[in-house]
Structure formats: C-alpha cells, structure tokens
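Single-letter residue listing:
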Amino acid sequence: MNMKKLYKPKFGTNGFKTMVFVLAGTLIFSSCKRTTIIEYNEAGYNSGNGSGPSTNPATGFTKPIVEVANGSITTNTKWTKDKIYRLNGFVRVGRDAKNKAGLAAVEGVTLEIEAGTVIIGDRETKGTLVVQRGNKLIAEGTASQPIIFTSERAAGLREPGDWGGVVLCGKATNNQSGGEAELEGAYEGWHGGAVDTDNSGILKYVRIDYAGTPINPNQEVNSLTMGSVGSGTVIDYVQCSYGLDDAFEWFGGTVNAKHLIAYRGLDDDFDVDFGFRGTVQFAIGIRDANSADQSGSNGFEVDNDGTGSSVTPYTSPQFSNVTIIGPKKDRTKTISTQFQNAMHLRRNNKIKIYNSVFTAYPNGLFIDGATTLANAANGELVLKNIVLAGVDGWGANGYGTGGTTTFPNPIGVETKSTGNVGTLAIDVWFKTASFANETYGKWQDLGIDETIFDLGATPKFTLNTGSILLTGASFTGLTGFDVVTHRGAFGTSDWTAGWANFTPQTNVY
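As the structure is a prediction and not an experimental result, all values here were calculated from the model.

Peer 1: Pulling in residues and values, what's your account of the packing of aromatic side chains?
Peer 2: Throughout the structure, instances matching the rule amount to 26 aromatic pairs. Relative to Phe276, the ring of Trp250 has its centre 5.1 Å away and its plane inclined at 15 degrees; by these criteria the two rings are stacked. Taken together, the positions of Trp250 in strand E20 (residues 248-251) and Phe276 in the loop between strand E22 (270-273) and strand E23 (279-286) put the pair 26 residues apart, joining distant regions of the chain. Classification of Trp250 as buried rests on a relative accessible area of 0%. Look at Phe300 and Phe319: their rings are 4.9 Å apart centre to centre, the planes differ by 85 degrees, and that puts the pair in the edge-to-face class. Taken together, the positions of Phe300 in strand E24 (residues 300-302) and Phe319 in strand E25 (residues 318-325) put the pair 19 residues apart, joining distant regions of the chain. Three or more aromatic residues joined by ring pairs form one cluster here, namely Tyr210, Tyr242, Tyr263, Phe461, Phe490, Trp495 and Phe502. Cation over ring: Lys98 sits above Trp190, and NZ or CZ is 4.7 Å from the ring centre. When the ring centre of Phe366 is taken as reference, the NZ or CZ atom of Lys416 above it lies at 4.5 Å.

See below:
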C-alpha cells in the first residue's frame, strides 16, 4: 500500500482492437487480433501454415479465446482448460450491495476455474477479476496443471501492469471506520463485515503474472489483493511474478495462507495493513536488482492503518518460515536506489514473525515509529528465530556501511529504528538471547544456493548440505503452523516444483 506513489508505467501501443460486447456476464468466442502485427512478428510468431489450427496473432494461442465482458457474473459459471478467457475491464463475480449503479446485490455466485486454464487480462481496458463479498472463486489447479492469470501480450512483449490482477473481497473484520472500506483505486472493491470465518473460495496452484495496472495515479491493483478475506478461504501454492505494485497485500481479514512466491515485483513482496490477523507459512520473496518503486520497495511493509492509529483489530498476523532475498547478490551488483528494507515495520502494527531469513537489502530490519517500538517493547510485535545476513564485502557490516570503499548502491544497516525499544537500542533488543535471532555478515554463511538470485533460470531453493538453516526452528507455544526443523521457506524439499515458473516472459500458452 502506497499513499504517495508517483510511478508512471511504461505502456506500449495497443493495435486496433476488434471487440463485440454482450450483456454483462455473457461469454463469446473470438479470434480477434489484440496486438499489432509488428509486435506479433517481433515476438517471432507467424500465422500458421494451414495445417491444423492457426495461432492467434495476439499471443500465439491455438485455443479459442472467450471474451469475458466488463460487468457482473450473476450465475454459477465454470471456465475450462480447453479455452482461454480474456478479462475485459472489471469482471466481477456477483455484485456488492454498495455498487455505484444502485443495482440489487448478487451473492452466492461461484466462478469455478478448471485446473490448467489460462486467463488473460485485456491491456487497454485494465482487465481485472474482482470477487465481490458473498461470492466465491474456486480456482484449484494442480502441481502439474496450475491455473495461470497473465498478460494478453505475446511472449517477449509482456510488461508489469499489463492487466489488473485478482481481487478477493470478503466479509471478515478490519479496522476501518464502520468496519467496511473500498480498496484503493475506487473500483468498487468493497470489503469488510463481521464474519471472520467467511469463505471467498480457493486459490491453489495458481500463477499471477504481469498484473498491477494503475487504476488512478498512485493507485495500482496488486497481483493478489485480499480485502477482509475470511479464514474459510484457502490460499495455498500461489505465485505472483512481475507485478507493477505489491505481490500480496492483505487489507484486514483473517485468511490463512501457505506456499507463497513473490517474484520480481516492483513494490513490496508482502504488504499487510488494516487489521490483518491471519497465519502465513512458507513464503519467499525474490527481487530484480533494477526493479523498485520510487515510493521505496521492501520485503515486508506492515501498518496498522494509514495513519498508525490505535484502531482495532490491530494488524497482528503470524508469519513463519519466510525467506526474503533482496536484490544485491554481491558487492559489485548495482541495484536500484529505491530498495529499502527487508522488513519495514511501522505505523503501530503488532506483527509476529518466526523462523525466517532475510538478506541482501540495504537495511535488514527497520522498526519505525514510537508506537511500533512500544509494541515491540511490550512483546506484542515479535521477531524470534530470525536470521539476518548481509552481503560479502559490502562495507564493514555487509550492508554497505563502514570501510573506505565507495559503494555504487544505497548503504544501510543491519537493524535500525526511530528510537529505543523500551530501554534497549534496536540491535540489543533484536539480539535478546531468548529471541534466538542471529546475524551474519554474508548470505553464503547460511547455506542458501547462489542461483536464488539469478534471473532467467529456475533457482535452487533447497538448502545446501550442511546449511545452518536446516535446524533451529522453534514452534514452542505457537499454533496454526506445520512444525518443521528448518528456518526459512525451504528445507530439503522444493514445494515450487512442477507448478511454479520463473521465466514467464518466454512462455507460450
């Protein structure tokens, strides 16, 4: 969530668009061209040789494309893997009672998406899928057949912000005035209520690529936006790649999640606000050295609300087994000056993070503001079994500070704050013996594989033999987590295998 973002996305030229619109919620087949012939040829495609189905010049698809019109889906609907579905404008599952047209609310509608289905977002109309309160999205892929949301453009031409993203709106509680709020961008993403067990459906084995279109200046859709989503919802095995805003953002709610991948987005990997109180385990964020937002990019950005007030419920989720890989692989690597913190904990939040690993950001931990520091002093903001690591030779401390060498990147520190935590300096508090936190000068000391930093290849996520991270996790007194021995998102098994993809620019669907 950014309230001062001025980033202007780079949009190419869309070619002439042929579109047949039908009543809201109705689907039509089309083979219309959505990308210019020049763009298509530059991407290396041709129009087919007459034997078998011709490819669609927009994307190289051979499956028929179903145009999904802007508006509300008002009856139970199933999308199948033998077709590709293009979102035109804001496609809504159901209709919220607060809709600006004054139409009757529609609840109880389910959109089911078959495993292996591809959904693309129209670039010109900012195609976005919004699940309104009281309705469900059942998008349950498999490891061998994930569900893919992506750009409509051809391989080689895709850009962050090519389409909107996936938005889930639920009826769980948040800390906004009256218990309801509209998601930033004012696109009728109303969320909130009093049902913390609310069920918005299932997202499992799902990839979301090139999302994050700007709705208004400084207001982009996140790759996956969760507004007051309840604990009855399943979020598991979800990858968000190359988004123009945050990868995952929770605005209030109680939904739990596992196995999340934030890959090379522009803004924050995990953005948490408005009273989110769910449990998240096994999550990884990986950054691109040249892609950061001018508002400042972080692994975690956490607020109670936009002003840091004491409204309840507090933002107080539990995260465990998170790995945050920053952009700086080595001391000679030039990174965007907009990269900031592996963890930016601010505005009176009460987050709890356990058994997690953070490296390669200018700053490791930043606790920001008197109220947030007071929460840490009171044991309400908790960091335990955390590992911070710097970059080999990047200054005297692994964060570019100290020494005599001039470094080409923003310098930082291992831990920083705007004051003491109670009577303790931030570094002393962080290293409290009972917290079992550890710090290292370089990430190589941790036993993570260097390919985790590299673009254009599948990283090796499992820990190297002898890694200190294979042990040391503790779940004493905790509930809601799988008990494992390793710190960070991975041990000896790779839960990304089969369904995740780290080269979406080259994929032809």
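Peer 1: Can you lay out the side chain of Asn222 for me, pointing to particular residues and giving the numbers?
Peer 2: You can see Asn222 is positioned in the loop between strand E17 (219-220) and strand E18 (224-227). Overall, Asn222 belongs to the buried group, its relative accessible area being 2%. Among the polar contacts listed, one links the side chain of Asn222 to the backbone nitrogen of Asp246, at a separation of 3.4 Å. Setting aside chain neighbours within four positions, we find Asn222 in contact with Gly164, Gly165, Val166, Asp245, Asp246, Glu249 and Phe251.

Peer 1: Could you give an account of helix H2 (residues 370-377), with specific residues and numbers?
Peer 2: Regarding H2, the residues found buried are Thr372, Leu373, Asn375 and Ala376. In a view along the axis of H2, the buried residues occupy a sector of 155 degrees, so they form one face of it. Along its buried surface, H2 packs onto strand E26 (341-346), strand E29 (363-368), strand E32 (415-417) and helix H3 (426-430).

Peer 1: Which residues make up the nonpolar core, and what values do they have?
Peer 2: Counting residues in each nonpolar core, the largest one holds 105 residues, and the members touching the most others are Phe248, Trp250, Phe300 and Trp429. Counting residues in hydrophobic clusters, the runner-up holds 10 residues, among them Val167, Cys169, Tyr187 and Ile215.

Peer 1: I'd like to hear about the sheet that holds strand E12 (residues 166-169), residue by residue, with values.
Peer 2: Strand order across the open sheet formed by 11 strands is E3-E6-E9-E12-E18-E20-E22-E24-E26-E29-E32, with parallel pairing between neighbours. The open sheet has two free edges, formed respectively by strand E3 (71-73) and E32, since each of these has just one partner strand. Adjacent strand axes in the sheet meet at a mean angle of 15 degrees when their direction is disregarded. Relative to E20, E18 runs parallel, the two being bridged by four bridges. When the sheet's bridge partners are listed, Gly227 is paired in E20 with Phe251. Against the sheet, H2 touches E26, E29 and E32, its axis set at about 100 degrees to E29.

Reading the values: rules and limits
Residues numbered from 1 in each chain as written. Predicted model: local features only at pLDDT ≥ 70, side-chain atom pairs only at ≥ 80, totals over all residues. Heavy atoms only, no water. Phe/Tyr/Trp six-rings, centres within 6.5 Å; stacked < 30°, edge-to-face > 60°. Helix = DSSP H or I, 4+ residues; strand = E, 2+ residues; numbered from the N terminus. Buried < 20%, exposed > 50% of the residue type's maximum accessible area, 1.4 Å probe, protein only. Lys NZ or Arg CZ within 6 Å of the ring centre and 35° of its normal. Polar contact = N/O pair within 3.5 Å; in protein donor to acceptor, adjacent residues only side chain to side chain. Contact = heavy atoms within 4.5 Å. Arc of directions from axis to C-beta. Core = buried A, V, L, I, M, F, W, Y, C linked by side-chain atoms within 4.5 Å. Pairing = 2+ DSSP bridges. Axes fitted to C-alpha atoms, helices over the stretch in contact; angles between N-to-C directions.

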